[in-house]
Amino acid sequence: ISVDPSGDNLPAGSGNAMAGAKVYEAKCASCHGADGKSGKGLADPVVGGLDTLTSAKPVKTVGSFWPYATTLFDYTRRAMPLDAPQSLSDDEVYAVSAYILKLNGIIDDGDEMNAKTLPKVKMPNQDGFVSDWPLE
């Protein structure tokens, strides 16, 4: 079930932001907010926070903090939604990952995420980490 930063162990399947918007609305928005920026105290935001990490009040989101898009897939597949972890299909996880990446301005609307494209996504804070993973 583990997916590393290089994408090893990503499953077959695919999704884009348009499909992900439907999954997000049905299974994520109630905790993370309709815009991904406000979770009504239930969950951390997944959108926003760019250029805040060195400020007095950093906002750590998928877009501002997370180093790899594959981490988004891995975490979402393992732990979300909170009330039914591991209930999303692989296509739904790819789609909602694409939607969250799109909301953060990292990918475009029509970009398809799959086992080949997801590891190639360059996250804004990717160079802000030192990896313990043995990347080739």
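Above this text is the structure in question.
Please read all numbers here as calculations on a predicted model, not as lab measurements.

In this section: helix α4 (residues 90-103). End to end, α4 covers 20 Å across 14 residues, agreeing with the expected 20 Å (1.5 Å per residue, within 8%). All of the buried residues along α4 are V93, Y94, A95, V96, S97, A98, Y99, I100 and L101. Buried residues along α4 sit against β1 (14-15), α1 (17-27), α3 (69-79) and β2 (113-114). Immediately downstream of α4, the backbone of G105 shows phi near 75°, a positive value.

Here the focus is the packing of α1 against α4. Between α1 and α4, whose axes approach to 7 Å, the crossing angle comes to 95°. By the angle class used here, α1 and α4 are roughly perpendicular. In this structure, α1 uses A17, A19, G20, A21, V23, Y24 and K27 to contact α4, whose residues at the interface are E92, A95, V96, A98, Y99, I100 and K102. Each residue belonging to the contact of α1 with α4 can be placed in one class, and the counts come to 10 nonpolar, one polar and three charged.

Backbone torsion omega between M80 and P81 reads -10°, so that peptide bond is classified as cis. Residue position: P81 is located in the loop between α3 and α4.

Right, let's talk about the pattern of salt bridges for a bit. Summed over the entire model, instances satisfying the criterion amount to five salt bridges. Note that K102 is salt-bridged to D109, the shortest N-O span being 3.8 Å. According to the relative accessible area criterion, K102 is partly exposed, its value standing at 28%.

All chains considered together, the criterion is met by three aromatic pairs. Taking the centre distance of 5.9 Å and the plane angle of 90° together, the rings of W66 and Y75 count as edge-to-face. Where F73 meets Y94, the ring centres are 4.6 Å apart and the plane angle is 40°; that geometry is what we call tilted. Residue F73 is found in helix α3, and its partner Y94 is found in helix α4; the two are separated by 21 residues along the sequence. Judged by relative accessible area, which is 0%, F73 ranks as buried. For K60, the ring lying beneath its charged end belongs to F65, and the centroid distance is 4.8 Å.

Okay, the state of the cysteines next. Using the criterion set out here, one finds zero disulfides in the structure. Unpaired in terms of disulfides, C31 finds its nearest cysteine sulfur in C28, a separation of 8.6 Å.

Another point: the environment of A34. Mapped onto the elements of the fold, A34 is located in the loop between α2 (29-32) and α3. Counting along the chain gives 13 residues from A34 to A21, while the straight-line C-alpha distance between them is 9.8 Å. Here A34 is in contact with Y24 and A29, once residues within four sequence places are set aside.

Attention shifts here to the side chain of H32. Within the secondary structure, H32 sits in helix α2. Looking at H32, the relative accessible area reads 14%, which means it is buried. A polar contact is formed between the side chain of H32 and the backbone oxygen of D44, at a distance of 2.7 Å.

Here we come to the nonpolar core. Counting residues in each nonpolar core, the largest one holds 27 residues, and the members touching the most others are Y24, L101, M113, L118 and V121. Among the elements that line this core, the one with the most residues is α4, at seven residues. The residues touching L101, leaving out its near neighbours within four places in the chain, are A69, L72, I106, I107, M113, L118, V121 and M123.

How each quantity is defined
Residues numbered from 1 in each chain as written. Predicted model: local features only at pLDDT ≥ 70, side-chain atom pairs only at ≥ 80, totals over all residues. Heavy atoms only, no water. Helix = DSSP H or I, 4+ residues; strand = E, 2+ residues; numbered from the N terminus. Expected span 1.5 Å × (residues − 1). Buried < 20%, exposed > 50% of the residue type's maximum accessible area, 1.4 Å probe, protein only. Contact = heavy atoms within 4.5 Å. Axes fitted to C-alpha atoms, helices over the stretch in contact; angles between N-to-C directions. Parallel < 35°, antiparallel > 145°, perpendicular 65-115°, else oblique. Nonpolar A, V, L, I, M, F, W, Y, C, P; charged D, E, K, R; others polar. Salt bridge = Lys/Arg side-chain N within 4 Å of Asp/Glu carboxyl O. Phe/Tyr/Trp six-rings, centres within 6.5 Å; stacked < 30°, edge-to-face > 60°. Lys NZ or Arg CZ within 6 Å of the ring centre and 35° of its normal. Disulfide = S-S within 2.5 Å. Polar contact = N/O pair within 3.5 Å; in protein donor to acceptor, adjacent residues only side chain to side chain. Core = buried A, V, L, I, M, F, W, Y, C linked by side-chain atoms within 4.5 Å.

Without other data, these values stay purely geometric and don't point to any function.
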